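As a plain string of letters, each chain reads:
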Amino acid sequence: FAVVVAIDFGTTSSGYAFSFSSDPEAIHMMRKWEGGDPGVANQKTPTSLLLTPEGIFHSFGYTARDYYHDLDPEEARDWLYFEKFKMKIHSTSDLTMQTELEAVNGKKMQALEVFAHALRFFKQHAVQELKDQCPSLPERDAIRWVITVPAIWKQPAKQFMREAAYKAGLVSPENPEQLLIALEPEAASIYCRKLRLHQLIDLSCKPPANGLAPDHSIDSSFRQGERPPGTGAGRGSWILGRAAGWLDQLLHGGAEAMSGGEQSGQPVLPAQPQQPPPQCFPPAGGGPYGAVGVDLAFEKLLCHIFGEDFIATFKAKRPAAWVDLTIAFEARKRAAAPSRASPLNISLPFSFIDFYRKHRGQNVETALKKSNVNFVKWSSQGMLRMSSEAMNELFQPTISQIIKHIDDLLKKPEVQGIKFLFLVGGFAESAMLQRAVQAAFGSTCRVIIPQDVGLTILKGAVLFGLDPTIVRVRRSPLTYGVGVLNKFVEGKHPREKLLVKEGKNWCTDIFEKFVSVDQSVALGEVVQRSYCPARPGQRKTIINIYCCATDDVVYITDPGVRKCGTISLELEALGDAGSPARGRREIRASMQFGDTEIKVTAMDIRTSKTVRATIDFLS
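All values derive from a computational prediction rather than experimental measurement.

Caption draft 1: Just the overall build of the protein chain, in detail. Within the protein chain, the secondary structure is distributed over 15 helices and 31 strands. Counting every position in the protein chain, which comprises 619 residues, the buried fraction comes to 52%. Within the protein chain, counting contacts between residues at least 6 apart in sequence, those at least 24 apart form 70% of the total. For the protein chain, the exposed area adds up to about 27800 Å²; of that, 51% sits on carbon and sulfur atoms.

Here it is as structure tokens:
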């Protein structure tokens, strides 16, 4: 591929970056977006999508947000405006191609359509920018696309993103390898390892007097046990990331889980036979502890002051004004800092004040007084004056969940000796979060924030696209397997599992494992199984895949085991020209669990021909 384009589809903001494979050291950020907010570095754009009342794409990002805001209130009620919709894909327990998302006005639309509109927008933007830079670049097959997803997303959500990319025309289903799914904390980790020490902000120490730090990469400090100023040599580091929507974490022990290579710009370690075996850390984890939690706390506060029913009505009847209010809050949220003593003013849209007076027969100021909310006052300029204590209270629930999650992890035996803690992603820009993490863990490890902290995932995703083999070992998040028949053993197998077939006793529903939870799986490692079609003329074989969060599973009917997907093998008809005579057939399926997505290939043993094999977690 001549060029790699990575799309970071964030909860709050999104963007793309690219690099030409002829010059992999240079990562180009997308052009400055139109619009933008004062005080916000707009190298990314809000994850906001606007569709016309007919459901046709209108705009994305700042343009969508500002156009929607300028619509007449009556007209705005018919337009479909979506924002911060990404995490719905994870929180939906039974995600399918038919899953729907709700626009701000309450109308619903297929989630696949919404995501495809957004990805198509990025594709058009990126391709146009690439053509301007390199007119001779062929559009087809020259670009490798990378889309970022949280590491805690399960297989259906990853497949959903892939299907949305197919629908958006990024790549065709016939060339699946042209699209990579990158895990956000992995991408951040790849990028952080390339950074020089002067490109990192260490919350635990004051910068040197001359403002300069040694210019070697942080990665070599980890690997070779060099001591960056004032630190113990690092055995392991921990990436904590993408905090806008979720807390996502990934641990790696210096060099062990990553490969070095000239192409990736990593320092290559000489072979050391006495090196310990690769260490394995817990699989990625996390929870809904992102900046969106602060937004929800603000909405809860408004419900407490003005009434839940009023806020619900206002959102439905004046959706554009509601978006306006959330924008005003976003700007103040970014200005919140632990050291700030002065209050933060949040302007209420005139339509909110007017709507409240008409609905409730009293003014906003009266509602504030009656609510007895501490630290929030009304200013005569039409603003809510929030004291720093009130703002702290909005951050507190989310931040304390993050601190608890890190604390629980650091108590695990596999995590002893962690020396570096990296904060990355959108929420990591928050001074409130930075101070809290430093206060809680600064005494045990160094809390580090990369420069361009909001772009670490995006830039790392480009590096991953240039060399997808850079992460060599991953942990399986679940136990995967299939249900099989085994010989029935009296006393070992329960009677209700007995099946008599052609005079033989079989035990049904045995869970045959492909891979176990927490198992380290190397990139390219395959699990092979052979299947014999039941009938001679069979054209298709469907195998159900089961998964479980524990390792001690025996039967597919055990508690906690669920069917999570299917493998489909499409067989060539027997007796076709060039195919073998009738006889017993054997299809060998090979599954890979070491990649960011589970993959399957298959072969007909007798003909050595590839059998079309697909794996589906969405139906």
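Caption draft 2: Representation of helix H14 (residues 431-441) in the model. Every buried residue of H14 is listed here: Met432, Leu433, Gln434, Ala436, Val437, Gln438 and Phe441. Residues of H14 that are buried sit in contact with helix H13 (388-410), strand E19 (418-423) and strand E20 (446-450). The backbone nitrogen of methionine 432 lies 3.1 Å from a side-chain oxygen of the residue at the head of H14, namely serine 430.

Caption draft 3: Summary view of the layout of surface pockets. Taken as a whole, the second largest pocket holds about 1100 Å³ of empty space. Around the second largest pocket sit 43 residues that line it, and Arg162, Tyr166, Pro176, Ala613 and Ile615 are the ones nearest its centre. Ranked by residues supplied to the lining of the second largest pocket, first place goes to strand E31 (residues 609-616) with seven residues. Looking at the lining of the second largest pocket residue by residue, the classes come out as 19 nonpolar, eleven polar and 13 charged. In terms of domain composition, the lining of the second largest pocket takes at least three residues from each of domain 1 (3-194) and domain 3 (473-574 + 583-614).

Caption draft 4: Main features of the packing of aromatic side chains. Evaluated as defined, the whole model comprises 25 aromatic pairs. Relative to phenylalanine 122, the ring of tyrosine 16 has its centre 6.4 Å away and its plane inclined at 80 degrees; by these criteria the two rings are edge-to-face. Placement of the pair is tyrosine 16 in strand E2 (residues 13-20) and phenylalanine 122 in helix H4 (residues 111-133), with a sequence separation of 106 residues. You'll find tyrosine 16 and phenylalanine 122 in the same group, each marked buried. Among the aromatic residues, ring-to-ring pairing joins Phe306, Phe310, Phe314, Phe352, Phe355 and Tyr356 into one connected group. The ring of tryptophan 153 is capped by lysine 86, whose NZ or CZ atom sits 5.9 Å from the centre of that ring. Cation over ring: lysine 497 sits above tyrosine 555, and NZ or CZ is 5.3 Å from the ring centre.

Caption draft 5: Broad picture of the pattern of salt bridges. What the rule picks out here adds up to 32 salt bridges. Of the charged contacts in the structure, one is a salt bridge between arginine 612 and glutamate 570, with a shortest N-O distance of 3.7 Å. With arginine 612 in strand E31 and glutamate 570 in strand E28 (residues 562-570), this residue pair connects regions lying 42 residues apart in the sequence. We note a salt bridge from aspartate 595 to lysine 599, for which the minimum N-O separation is 3.0 Å. One salt-bridge network, in which partners are shared between bridges, spans Lys84, Asp295, Glu330, Lys333, Arg334 and Glu429.

Caption draft 6: Representation of the pairing of strand E29 (residues 587-592) in the model. Relative to E29, strand E26 (residues 526-531) runs antiparallel, the two being bridged by six bridges. Counterpart to serine 530 in the pairing with E29 is arginine 588. As paired strands, E29 and strand E30 (residues 599-604) are joined by six bridges and run antiparallel to one another. Paired with serine 590 across the bridge in E30 is threonine 601. Hairpin connection, E29 to E30: the antiparallel pair is bridged by six residues.

Caption draft 7: Molecular detail of the confidence of the model for the protein chain. When pLDDT is averaged along the protein chain, the result is 81, and 83% of the positions lie at 70 or above. Taken as a whole, residues 222-239 scores under 50 in pLDDT and shows 69 contacts with residues more than four places along the chain or in a different chain. The low-confidence segment residues 252-281 (pLDDT under 50) makes 68 contacts with residues lying over four places distant or belonging to another chain.

Caption draft 8: Highlighting helix H12 (residues 364-371). What H12 keeps buried is the set Val364, Ala367, Leu368 and Ser371. The arc that holds the buried residues of H12, viewed along the axis, is 100 degrees, so those residues lie on one side. The exposed set on the far side of H12, more than 90 degrees from its buried face, consists of Lys369 and Lys370. On its buried face, H12 is in contact with helix H8 (292-306), helix H11 (350-360), strand E17 (376-379) and strand E18 (383-386). Phi turns positive one or two residues past the end of H12, at asparagine 372, with a value near 55 degrees.

Caption draft 9: Examining the sheet that holds strand E6 (residues 57-60) more closely. Ordered in space as E6-E5-E7, the three strands form an open sheet in which the pairing is antiparallel. Bordering the open sheet on either side are E6 and strand E7 (80-83), each of which pairs with just one other strand. Within this sheet the neighbouring strands show an average axis-to-axis angle of 15 degrees, counted without direction. Where strand E5 (residues 48-51) meets E7, four bridges bridge the pair, whose relative direction is antiparallel. Within the sheet, the bridge partner assigned to leucine 49 lies in E7 and is phenylalanine 82. Helix H1 (residues 62-70) rests against E5, E6 and E7 of the sheet, and its axis sits at about 110 degrees to E6. H4 contacts E5, E6 and E7 of the sheet and is inclined by roughly 65 degrees relative to E6.

Caption draft 10: Quick peek at the environment of lysine 88. Tracing the backbone shows lysine 88 in helix H3 (residues 88-91). We classify lysine 88 as partly exposed; its relative accessible area is 46%. Spatially, the C-alpha atoms of lysine 88 and alanine 157 are 9.8 Å apart, while their sequence positions differ by 69 residues.

Caption draft 11: Seen up close, the environment of isoleucine 556. Along the chain, isoleucine 556 falls in the loop between strand E27 (540-548) and E28. You can call isoleucine 556 buried: its relative accessible area is 14%. Excluding its chain neighbours within four sequence positions, the residues that come into contact with isoleucine 556 are Val482, Gly483, Asp509, Ile510, Phe511, Tyr546 and Val561.

Caption draft 12: Seen up close, the packing of helix H9 (residues 308-317) against helix H10 (residues 319-335). Two numbers describe how H9 lies on H10: the axes approach to 5 Å, and their chain directions differ by 110 degrees. If you check the angle between H9 and H10, you find them roughly perpendicular. Where H9 approaches H10, its residues Ile311, Phe314, Lys315, Ala316 and Lys317 are matched on the opposing element by Pro319, Ala321 and Trp322. Taken together, the residues of the contact of H9 with H10 break down into six nonpolar, no polar and two charged.

Caption draft 13: Broad picture of the nonpolar core. Ranked by internal contacts, the top residues of the largest apolar core, which has 57 residues, are Phe298, Phe306, Met386, Leu394 and Val437. Sort the elements by how many residues they give to this core and H13 lands first, with nine residues.

Caption draft 14: Representation of the sheet that holds strand E16 (residues 344-347) in the model. Sheet architecture is open: three strands sit in the order E16-E18-E17, paired in antiparallel fashion. Edge positions in the sheet fall to E16 and E17, since each of these pairs with one other strand and no more. Strand-to-strand twist across the sheet, computed as the mean angle between neighbouring axes with direction ignored, equals 30 degrees. Two strands pair when backbone bridges link them, and E17 and E18 are joined in this way by four bridges, in the antiparallel orientation. Residue pairing in the sheet places valine 376 in a bridge with methionine 386 of E18.

Parameters and conventions
- Residues numbered from 1 in each chain as written.
- Predicted model: local features only at pLDDT ≥ 70, side-chain atom pairs only at ≥ 80, totals over all residues.
- Heavy atoms only, no water.
- Helix = DSSP H or I, 4+ residues; strand = E, 2+ residues; numbered from the N terminus.
- Buried < 20%, exposed > 50% of the residue type's maximum accessible area, 1.4 Å probe, protein only.
- Contact = heavy atoms within 4.5 Å.
- Areas by Shrake-Rupley, 256 points an atom, 1.4 Å probe, with all protein chains shown as cover.
- Polar contact = N/O pair within 3.5 Å; in protein donor to acceptor, adjacent residues only side chain to side chain.
- 1 Å grid on protein atoms, 1.4 Å probe; cavity = no way out; pocket = protein on both sides within 12 Å on 5 of 7 lines; lining within 4 Å.
- Points joined across faces, edges and corners; volume = space filled by probe spheres on them.
- Nonpolar A, V, L, I, M, F, W, Y, C, P; charged D, E, K, R; others polar.
- Domains from an automatic or database assignment.
- Phe/Tyr/Trp six-rings, centres within 6.5 Å; stacked < 30°, edge-to-face > 60°.
- Lys NZ or Arg CZ within 6 Å of the ring centre and 35° of its normal.
- Salt bridge = Lys/Arg side-chain N within 4 Å of Asp/Glu carboxyl O.
- Pairing = 2+ DSSP bridges.
- pLDDT = per-residue confidence, 0-100.
- Arc of directions from axis to C-beta.
- Axes fitted to C-alpha atoms, helices over the stretch in contact; angles between N-to-C directions.
- Parallel < 35°, antiparallel > 145°, perpendicular 65-115°, else oblique.
- Core = buried A, V, L, I, M, F, W, Y, C linked by side-chain atoms within 4.5 Å.

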